[in-house]
Amino acid sequence: MAALILRKLYRITGIIFPIVYYFFTKSLALACILIVLALILIIEYLRLLHPEFFRKQKIFNFFAVITKEEERGRLSSAIQFLISIFLIILFFRKNVAITSILFLIFADAISALIGMKFGKIRIGKKTFEGSIGFLDACLFIGLLLQFSPLYLPWHVILIGSVVATLVEAIPVRLDDNFTIGLICAFVMGVIP
């Protein structure tokens, strides 16, 4: 549970990208993502191809803790997460992009914590309770954004929240860190 909490807190640092996009420019946000992505790819290279070096460096202990067990022998989901955010900012309007990224960052964290603590009804690897937490978090974020320049009509928020929740709950081959935000942004972007 402690590793999950640490992993989710680490993921929440991704909030920096929508903040940069909101207050500055799309170009700066994309450049920041590419810089962080390059750094993480270097760390992943060291971790996967030179595990003995990785284990000897105390600074990398943090990355060992936040890496899921199933990611120990492959690229971490942080790569898919950053690529997804990059594509969302690149291709979608600012209000749609930031909303879907906030759904991805916060609702995913909340659903994992609720599912781990209160989850009883299993849906594959997820729980019904975690999915309800995910949906509630999306709706809450959407409600907060109703009072900001990132306003989206309520029906768009509702549909985007339901779609993001379904994408998170339904098991697919692709990592949900990649699919949730992109599919949600696409759906919210095409709804009139």
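Please read these numbers as outputs of a predicted model, since none were measured by experiment.

Asker: Lay out the overall build of the protein in plain terms, naming residues and giving numbers.
Answerer: From N to C terminus, the protein includes 10 helices and two strands. Helices (α) and strands (β) of the protein occur, in sequence order from the N terminus, as α-α-α-α-α-α-α-β-β-α-α-α. Element-wise, carbon and sulfur atoms account for 75% of the exposed surface of the protein, whose accessible area totals about 10200 Å².

Asker: Describe a nonpolar patch on the surface, listing the residues and the values that go with them.
Answerer: On the surface, Phe140, Leu143, Leu144, Phe147, Trp154, Leu158, Val162, Leu166, Ile170, Val172 and Leu174 cluster together into a nonpolar patch covering about 1100 Å² of accessible area. Going through the elements one at a time, helix H8 (128–145) and helix H9 (154–169) are the ones with two or more residues in the nonpolar patch. Looking at the nonpolar patch, the element that brings in the most residues is H9, giving four residues. If you trace the backbone, Phe140 turns up in helix H8.

Asker: Requested: an account of the packing of H9 against helix H10 (residues 176–190), with residues and values cited.
Answerer: The contact between H9 and H10 brings their axes to 9 Å, and the two run at 155°. Taken together, the axes of H9 and H10 are roughly antiparallel relative to one another. Crossing of H9 over H10 shows right-handed handedness. Along its contact with H9, which presents Val156, Ile159, Gly160, Val163, Ala164, Val167 and Glu168, the element H10 presents Asp176, Thr179, Ile180, Ile183, Cys184, Val187 and Met188. Class assignment for the residues of the contact of H9 with H10 results in 10 nonpolar, two polar and two charged.

Asker: How would you summarise the packing of aromatic side chains if you had to cite specific residues and measurements?
Answerer: Per the counting criterion, the structure on display carries one aromatic pair. Directly above the aromatic system of Tyr21 lies the positively charged group of Lys94, at a separation of 5.0 Å from the ring centroid.

Asker: Before we move on, can you summarise the pattern of salt bridges with the specific residues and values?
Answerer: Inspection of the entire model under this criterion finds two salt bridges. With its nearest N and O atoms 3.3 Å apart, the salt bridge here joins Glu168 to Lys126. Placement of the pair is Glu168 in helix H9 and Lys126 in strand S2 (residues 126–127), with a sequence separation of 42 residues. We classify Lys126 as partly exposed; its relative accessible area is 26%. Through salt bridges with shared partners, a single ionic network connects Lys126, Glu168 and Asp176.

Asker: Please provide a residue-by-residue account of the nonpolar core, values included.
Answerer: Soluble globular proteins tend to bury their nonpolar side chains together. Of all hydrophobic cores here, the largest spans 45 residues; its most connected members are Ile85 and Ile89. Among the elements of the structure, helix H2 (16–23), helix H3 (26–49), helix H6 (77–91), helix H7 (94–118), H8, H9 and H10 are those that each provide at least two residues to this core. Here this core takes nine residues from H7, the largest share from any one element. When sequence neighbours within four positions are dropped, the list of residues in contact with Ile89 reads Phe17, Tyr21, Lys26, Ala29, Leu30, Ile33, Ala97 and Ile101.

Asker: Describe H8, naming the residues involved and giving the relevant values.
Answerer: Its 18 residues place the ends of H8 26 Å apart at the C-alpha level, agreeing with the 26 Å of an ideal helix rising 1.5 Å per residue. Those residues of H8 that fall on the buried side of the exposure criterion are Glu129, Gly130, Ser131, Gly133, Phe134, Ala137, Cys138, Ile141, Gly142 and Leu145. Looking at the buried residues of H8, the elements they touch are H7, strand S1 (122–123), S2, H9 and H10.

Rules of the game
Residues numbered from 1 in each chain as written. Predicted model: local features only at pLDDT ≥ 70, side-chain atom pairs only at ≥ 80, totals over all residues. Heavy atoms only, no water. Helix = DSSP H or I, 4+ residues; strand = E, 2+ residues; numbered from the N terminus. Areas by Shrake-Rupley, 256 points an atom, 1.4 Å probe, with all protein chains shown as cover. Patch = residues over 30% accessible without salt bridge, like charges linked within 9 Å, V, L, I, M, F, W, Y side chains within 5 Å. Salt bridge = Lys/Arg side-chain N within 4 Å of Asp/Glu carboxyl O. Axes fitted to C-alpha atoms, helices over the stretch in contact; angles between N-to-C directions. Parallel < 35°, antiparallel > 145°, perpendicular 65-115°, else oblique. Left-handed = near helix turned anticlockwise from the far one by under 90°. Contact = heavy atoms within 4.5 Å. Nonpolar A, V, L, I, M, F, W, Y, C, P; charged D, E, K, R; others polar. Phe/Tyr/Trp six-rings, centres within 6.5 Å; stacked < 30°, edge-to-face > 60°. Lys NZ or Arg CZ within 6 Å of the ring centre and 35° of its normal. Buried < 20%, exposed > 50% of the residue type's maximum accessible area, 1.4 Å probe, protein only. Core = buried A, V, L, I, M, F, W, Y, C linked by side-chain atoms within 4.5 Å. Expected span 1.5 Å × (residues − 1).

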